[in-house]
Amino acid sequence: MVSSGMKVPIEVEEAGRAVITGKTSSAVVINLDSKTNTLSVGKAYGMKMKHPFRACLKQFQDDKASFALVNVKLSTGEDQDRNKLTMIMWAPDTATAKVKMTAASGSRALRSKFKCNAYVEIQEKTTSKNVNDVLAKVLRSGEGCNSFEGVHVTQNERREFVFCDGGNHEDSDFDEED
C-alpha cells in the first residue's frame with residue numbers, strides 16, 4: 001500500500017517500467033476505475049509509434065480519469081534529440097467530484113512508483129493546447145525546444161509553445177515510423 005491508499009498493480013508497474021527503459025514501449029495509458037479505486041493498463045504503444053503523446057490523448061475518455069506515462073520526443077534549442085519521461089493526468093472538467101478525487105489519489109500512487117521529468121494535469125484533449133502545457137513542465141529553465149514529436153514548435157507573443165504551422169496535428173496520431 002502507498003500513502004494515498006491506492007495500490008499500483010504489478011501489471012501497471014511492469015508496463016510503466018517498459019516505458020521508462022524505452023526498449024519495448026514509448027507510452028502506456030493507465031485507466032482508473034473510480035468505483036473500485038483500481039488502476040489497470042489501458043493501452044501500450046510500441047517504440048515505432050510516431051506520436052505517442054497524441055495517441056494517448058485519443059485514448060482518454062470524457063467521463064473517466066486516466067493517466068499516461070510517455071517518453072515525449074523533442075528536439076532542444078541546440079538541436080539535440082531528447083526523450084523526456086512525462087506522466088499525464090487526465091481528469092475532465094465534466095467528471096464528477098468523486099472521479100476527480102480518485103484521480104488525485106491515483107496520481108499520488110503512480111508518482112510514488114514512477115519518477116518522471118514532469119507531471120502534467122490536462123482537462124482538454126486538444127493537442128495544440130496541450131503542447132504548451134507539456135513543454136512548460138518538461139523543459140528546464142532556459143532550455144529551448146525546436147520540435148515536439150517531430151513537429152516544429154515556436155513560442156508565440158505570450159511565450160507559449162505552439163506548432164510553427166498553426167495546425168493541431170491530430171491527423172497522424174497513429175502513424176508508425178519505418
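The structure we're discussing is the one just above.
Caption draft 1: Layout of the side chain of serine 147. Relative to the elements of secondary structure, serine 147 occurs in strand S6 (residues 145-148). Contact partners of serine 147, with chain neighbours within four places excluded, come to Lys73, Leu74, Ser75, His152 and Val153.

Caption draft 2: Examining the packing of aromatic side chains more closely. Summed over the entire model, instances satisfying the criterion amount to two aromatic pairs. A centroid spacing of 5.5 Å and a plane angle of 80° characterise the contact between phenylalanine 53 and phenylalanine 148, whose relative ring orientation is edge-to-face. Of this pair, phenylalanine 53 sits in helix H2 (residues 52-59) while phenylalanine 148 sits in strand S6; the two residues are 95 residues apart in sequence, bridging distant segments of the chain. Looking at phenylalanine 53, the relative accessible area reads 1%, which means it is buried. Just above the ring of tyrosine 119 sits the side chain of arginine 111; from NZ or CZ to the centre is 4.0 Å.

Caption draft 3: Representation of the pattern of salt bridges. Tallied over the entire structure, the rule returns four salt bridges. A salt bridge links glutamate 13 to arginine 17, with the shortest nitrogen-to-oxygen separation between them at 3.5 Å. One end of the pair is glutamate 13 and the other is arginine 17, both in helix H1 (residues 10-21) and four residues apart, which spans about a single turn. Given the relative accessible area of 15%, glutamate 13 is considered buried. Between lysine 113 and glutamate 13 there is a salt bridge, with the nearest N and O atoms lying 3.5 Å from each other. With lysine 113 in helix H3 (residues 97-113) and glutamate 13 in helix H1, the pair connects residues that are 100 residues apart, well separated along the chain. With relative accessibility at 37%, the residue lysine 113 sits in the partly exposed group.

Caption draft 4: Examining empty space enclosed by the protein more closely. This structure, assessed with the given rule, holds one cavity of 30 Å³ or more. Counted as a void, the largest cavity has a volume near 40 Å³. Along its surface, the largest cavity is lined by Met87, Ile88, Met89, Ser107, Arg111, Tyr119, Val120 and Glu121. Among the secondary structure elements, those contributing two or more residues to the lining of the largest cavity are strand S4 (81-90), H3 and strand S5 (118-122).

Caption draft 5: Spotlight on the state of the cysteines. Across all of its chains, the model carries zero disulfides by this definition. Here cysteine 145 stays free of any disulfide, with the sulfur of cysteine 164 as its closest cysteine sulfur at 9.7 Å. Given the relative accessible area of 6%, cysteine 145 is considered buried.

Caption draft 6: Expanded view of the nonpolar core. Within the largest apolar cluster, 29 residues are counted, with the highest numbers of intra-cluster contacts made by Phe60, Ile88, Val134, Leu135, Phe148 and Val153. Once you skip the residues sitting within four places of it in the chain, phenylalanine 60 turns out to touch Val29, Ser66, Phe67, Ala68, Ile88, Trp90, Ile122 and Lys125. Grouped together as the second largest cluster of nonpolar side chains are 23 residues, Val19, Ala95, Val99 and Leu110 included.

Caption draft 7: Geometry of H2. Here H2 lies mainly inside the structure; six of its eight residues are buried. Among the residues of H2, those classed as buried are Pro52, Phe53, Arg54, Ala55, Cys56 and Leu57.

Caption draft 8: Highlighting the side chain of threonine 86. Mapped onto the elements of the fold, threonine 86 is located in strand S4. Exposure remark for threonine 86: the relative accessible area of 0% places this residue in the buried category. Side-chain polar atoms of threonine 86 contact the backbone oxygen of lysine 84, separated by 3.2 Å. If we ignore the near neighbours within four places in the chain, the residues touching threonine 86 are Ala68, Leu69, Val70, Val72, Cys116, Ala118, Val120 and Val138.

Rules behind the numbers
Along each chain, residues carry numbers from 1 onward, in the same order as the chain's sequence is written. Local features in this predicted model are restricted to residues whose pLDDT is 70 or higher, and side-chain atom pairs enter the listing and the counts only when it is 80 or higher, whereas totals over whole chains, interfaces and linings include all residues. Hydrogen atoms and water are omitted, and side-chain values are computed over all heavy atoms in the structure. For the purposes of this entry, the term helix denotes a DSSP run of H or I that reaches at least four residues, the term strand denotes a run of E that reaches at least two, and both are numbered from the N terminus. In this description, contact between two residues means that some pair of their heavy atoms is separated by no more than 4.5 Å. Pairing of aromatic rings covers Phe, Tyr and the six-membered ring of Trp, with a centre-to-centre limit of 6.5 Å; geometry is then stacked below 30 degrees between planes, edge-to-face above 60, and tilted otherwise. Think of it in three bands: residues with accessible area under 20% of the maximum for their type are buried, residues over 50% are exposed, and the middle band is partly exposed, with areas taken using a 1.4 Å probe on protein chains only. In our convention, an over-ring charge means Lys NZ or Arg CZ found within 6 Å of a ring centre and within 35 degrees of that ring's normal. By salt bridge we mean one thing: a side-chain nitrogen of Lys or Arg within 4 Å of a carboxyl oxygen of Asp or Glu. Here the term cavity refers to a set of points on a 1 Å grid, laid over the protein atoms alone, in which a 1.4 Å probe fits but cannot get out; the term pocket refers to an open set having protein on both sides within 12 Å along at least five of seven lines, with lining residues being those that place an atom within 4 Å of a point. Grid points are joined across faces, edges and corners, and a volume is the space filled by probe spheres set on the points. Here, a disulfide means two cysteine sulfur atoms that sit within 2.5 Å of each other. Buried residues of nine kinds, namely Ala, Val, Leu, Ile, Met, Phe, Trp, Tyr and Cys, make up a nonpolar core once their side-chain atoms join them within 4.5 Å. Under the rule applied, a polar contact is a pair of N or O atoms within 3.5 Å (in protein, one hydrogen donor and one hydrogen acceptor; residues adjacent in sequence only if both atoms are side-chain atoms).

Worth remembering: the numbers are spatial, not functional.
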